[in-house]
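# Chain and residue survey
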Amino acid sequence: MPIYPERWNTLLPRYKEEQPRRMLALDGGGIRGLITLGILKRIEALVGKPLCNYFDYIAGTSTGAIIAASLARGMTVDEIIQFYQNYGNQMFDPSALLERYKYIHTADPLIAQLKGVFGATTTLEPDYLKCLLLVVTKNVTTDSPWPVSSNPDAKYNAPERKDCNLKIPLWQLVRASTAAPVYFPAEVIQWNPADASKQTVFVDGGVTPYNNPSFLLYRMATEPAYRLNWAKGENNLLLISVGTGISDTPGATPDAPNRSILSTAASIPGALMHTMQVEQDISCRTVGRCTFGAEIDRELLDLVPRDTKPEMTREECYAASEIPISQDLGRSFLYARYNADLSRAGLDKLGFQQVDSKKIQAMDNPRNIPTLLAIGQAAAQDIQPDHFGGFLT
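What comes next concerns the included structure. (Residues numbered from 1 in each chain as written. Predicted model: local features only at pLDDT ≥ 70, side-chain atom pairs only at ≥ 80, totals over all residues. Heavy atoms only, no water.)

### A word on the environment of serine 326
Condition: Each helix is a run of H or I in the DSSP string that is no shorter than four residues. Each strand is a run of E no shorter than two, and both are numbered from the N terminus.
Its location among the elements puts serine 326 in the loop between α12 (314-319) and β9 (334-338). The sequence separation of serine 326 and glycine 390 amounts to 64 residues, and the corresponding C-alpha distance is 8.7 Å.

Have a look at this one:
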């Protein structure tokens, strides 16, 4: 139950009573957010209602923040797809880099589009949102991740604070989460309008450990310090995590360990982001109960609970019967992870034999929009009602 019911305004009827809760976490990944949207389109059809009315708490990082904020405002998946199709060039095309920096002190065209879709005066206050929202960004001033939640009970959301987080314009917070270094100027936010010293510089949340914000979302929903205190348990909490495509990048080989050192160095940021995404996923699968997800590695497999024995081979483990969801295993939440494999083998399996694996992995090529959306829709065929346990009723 809310600690301060009077702060919740129009959201109070939905959140005033303790009940099972549903959460949605959306990865960063530039224009590859179209993969996320292709998957969400299937989920929206499955639950039979706008996702803001199904999920109680939606989190997003970078491009995931754009999608999460749009959903929390009440937009349908098709409306968000249309937004990406209309403005993908302005948001992600690297050829516009110099043009973007020209607008640092005038009028960034991306800002105009975000104001258009979210509203220039819309904030994180309850009356502007249909459900709770979490946006991940990075505070460069303090060199720390800053996940900003719309939870009205949160410590830094108290309305009497001059630097109340809820008063920040939604468009500005989303732009901060998407301000990818090199591609976009940093976003400067003045938390207290009356105090110029309360200015902080923000960049893309994708350069934090939370480019995949799934386990962070669970923590902020249940850890008492965040003042939401949702009940844990397989029948109390559902967490759905959606990625923007994944593919391992081959590195050095034993016969040429120092080959392409420059290219290896250039790939380090992406490799770190991938590693942190996987770490969030593994945390969710071990603390929560995984109902679906791709194989992590040949030791962990997919961590979906099955009736297995230590001596079983990999193939025998996958052939073993899954433990029925009706059998509570005492995990903290129910969890499913949906993504698309963009490797050559993964694309072939999805039916995209003619798509160049390397080119489709680009995060900044708007020309890939139709193909990325189709890949997401193909990957969404993995989604089954059973993955949601009793949360579809």
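Having seen the model, we can carry on.
### Let's talk about the packing of helix α2 (residues 33-47) against helix α15 (residues 369-379)
The criterion, for reference: Fitted lines through C-alpha atoms serve as axes, helices being fitted only where they are in contact, and the angles separating the N-to-C directions of these axes extend from 0 to 180 degrees. Angular relationships are summarised with four words: roughly parallel below 35 degrees, roughly antiparallel beyond 145, roughly perpendicular across 65 to 115, and oblique for the angles in between. Helix crossings get a hand from a simple test, with the near helix turned counterclockwise from the far one by less than a right angle marking a left-handed crossing and a clockwise turn marking a right-handed one. Contact definition: two residues touch when any of their heavy atoms are within 4.5 Å. For this scheme, ten residues count as nonpolar: Ala, Val, Leu, Ile, Met, Phe, Trp, Tyr, Cys and Pro. Four count as charged, namely Asp, Glu, Lys and Arg, and the remainder, Gly too, count as polar.
Running from amino to carboxyl end, α2 crosses α15 at an angle of 40 degrees, the nearest separation of the two axes being 7 Å. Taken together, α2 and α15 sit at an angle that is classed as oblique. For the element pair α2 and α15, the recorded crossing hand is right-handed. Contacts between α2 and α15 involve Leu34, Ile35, Leu37, Gly38, Ile39 and Lys41 from the first element and Ile369, Leu372, Leu373, Ile375, Gly376 and Gln377 from the second. Across the contact of α2 with α15, the residue classes break down as 8 nonpolar, 3 polar and 1 charged.

### So, the side chain of threonine 122
Note the following rule: For each residue, the accessible area found with a 1.4 Å probe, counting protein chains only, is set against the maximum for its type, and the residue is called buried under 20%, exposed over 50%, and partly exposed in between. As used in this structure description, the phrase polar contact means that two N or O atoms lie within 3.5 Å; if the pair is within protein, one of them must be able to donate a hydrogen and the other to accept it, and residues adjacent in sequence are counted only when both atoms belong to side chains.
Along the chain, the position of threonine 122 falls in the loop between α7 (109-118) and β3 (132-139). Using a relative accessible area of 4% as the deciding quantity, one classes threonine 122 as buried. A distance of 2.6 Å separates a polar side-chain atom of threonine 122 from the backbone oxygen of phenylalanine 118. When sequence neighbours within four positions are dropped, the list of residues in contact with threonine 122 reads Arg73, Tyr128, Ile168, Pro169 and Leu170.

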